[in-house]
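# Examination of the molecular architecture
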Amino acid sequence: MPPAPPTYRVDSPILGTGRDLEEDRVHEAAHAPVSEEPVVPAQKVLRHSVRGQVLDALRAALVDGELAPGQIYSGPALGERFGVSATPVREAMQQLALEGAVECLPNRGFRVLSGTPRALAELAEVRALLEVPVMLRLARTVPAATWEALRPAALATAEAAAAGDLPGYADADRAFHRAVLSLAENTQLVRIAEELHRRAQWPLPGAPRVRRADLVADAAEHSALLEALIAQDLPVVESLVREHFAGSAG
């Protein structure tokens, strides 16, 4: 018997009815009051919104360990838990399959793929090869005031860490690194680094949940990195980035 799906829910006024989105649209159109304002077709926007919210919830469940490595989950079961049809769940799962988080099993559902310590170490090595040279270049060229403007992003990671919010910390952590790398003005770099970073945040099978103290220590490295970047201390910048990538939460 497959495991019970995670308890995350998608917050949206159009979710929770269990009806197909097309049925909802037809029902609302039939009962809408007459108005002189034109009615804007919203089906595609709503559909994209549902898929995006489900995808965010599934990503959070992966980081939090609610979607366990090696386990199989069905689209209809997850859809029932989220209060949506199976279609946006399947679409979100297909995106996760492209990201390497799950594999599609015809007529069965989706299996969460299991990572390995070796794969995690390889991700850290690739991230360092990609980002360390960029960080060093930025340290030489970006003015201190620009780095100061990133302090709120670093603070956001510290707040999520102090709350013990693992999915929230994962989001804030990626946002901080994305903000730093965006200064290189290379969209391909940011996209690839984001994908690698997301993969590095997936827990290993059987690994204990990341402790709050570990999150707090990891978040503190963001502020330390900003200080080193402001001071243009290149050896410290390189050391911090490499150690941060090798850590369990960053």
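Let me sum up the structure you'll find in this document.

## What about the sheet that holds strand β2 (residues 102–105)?
The antiparallel open sheet is built from three strands, whose spatial order is β1-β3-β2. Taken across any chain shown, the strands that pair with only one partner, and hence form the sheet edges, are β1 (72–73) and β2. Bridging between β1 and strand β3 (residues 109–112) involves two bridges; their strand directions are antiparallel. Residue pairing in the sheet places isoleucine 72 in a bridge with arginine 111 of β3. Taken strand by strand, helix α4 (residues 86–98) contacts β2 and β3, and its axis lies near 125° from that of β2.

## Structural notes on helix α11 (residues 234–246)
In a regular helix each residue adds 1.5 Å, so 13 residues correspond to 18 Å; α11 covers 19 Å between its end C-alpha atoms and thus fits that length. Every buried residue belonging to α11 is among Val237, Leu240, Val241, His244 and Phe245, and all of these are buried. Each buried residue of α11 lies within a common arc of 125° when the element is viewed along its axis, so the set occupies one face. Among the exposed residues of α11, those pointing more than 90 degrees away from its buried face are Pro235 and Ala246. On its buried face, α11 is in contact with α5 (117–141), α8 (166–182) and α10 (212–231).

## Considerations on the environment of alanine 213
For alanine 213, the location among the structural elements is in helix α10. A C-alpha to C-alpha distance of 8.1 Å links alanine 213 and alanine 162, two positions 51 residues apart in sequence.

## Quick notes on the nonpolar core
Most often, soluble globular proteins keep nonpolar side chains buried together rather than apart. Among the nonpolar cores identified, the biggest contains 27 residues, and Trp147, Leu225 and Val237 are the most heavily contacted of them. Contributions of two or more residues to this core are made by α5, α8, α9 (187–200), α10 and α11. The element best represented in this core is α5, accounting for eight residues. Formed by 21 residues, the second largest nonpolar core is a distinct cluster that contains Ala57, Val84, Leu96 and Trp202.

## Thoughts on the environment of alanine 119
Assignment of secondary structure puts alanine 119 in helix α5. Judged by its relative accessible area of 30%, alanine 119 falls in the partly exposed class. Each C-alpha atom of the pair alanine 119 and leucine 204 lies 9.9 Å from the other, and the pair is 85 residues apart in sequence.

## Observations regarding the pattern of salt bridges
Tallied over the entire structure, the rule returns 14 salt bridges. The residue glutamate 99 makes a salt bridge to arginine 59 at a minimum N-O spacing of 2.3 Å. Taken together, the residues glutamate 99 in the loop between α4 and β2 and arginine 59 in helix α2 (residues 43–64) connect sequence positions 40 residues apart. One salt bridge connects glutamate 194 with arginine 178, and the closest N-O pair in it is separated by 2.9 Å. In this pair, glutamate 194 sits in helix α9 while arginine 178 sits in helix α8, placing the two residues 16 residues apart along the sequence. One continuous salt-bridge network, built from bridges that share partners, spans Asp171, Arg174, Arg178, Glu194 and Arg198.

Parameters and conventions
- Residues numbered from 1 in each chain as written.
- Predicted model: local features only at pLDDT ≥ 70, side-chain atom pairs only at ≥ 80, totals over all residues.
- Heavy atoms only, no water.
- Pairing = 2+ DSSP bridges.
- Helix = DSSP H or I, 4+ residues; strand = E, 2+ residues; numbered from the N terminus.
- Contact = heavy atoms within 4.5 Å.
- Axes fitted to C-alpha atoms, helices over the stretch in contact; angles between N-to-C directions.
- Expected span 1.5 Å × (residues − 1).
- Buried < 20%, exposed > 50% of the residue type's maximum accessible area, 1.4 Å probe, protein only.
- Arc of directions from axis to C-beta.
- Core = buried A, V, L, I, M, F, W, Y, C linked by side-chain atoms within 4.5 Å.
- Salt bridge = Lys/Arg side-chain N within 4 Å of Asp/Glu carboxyl O.

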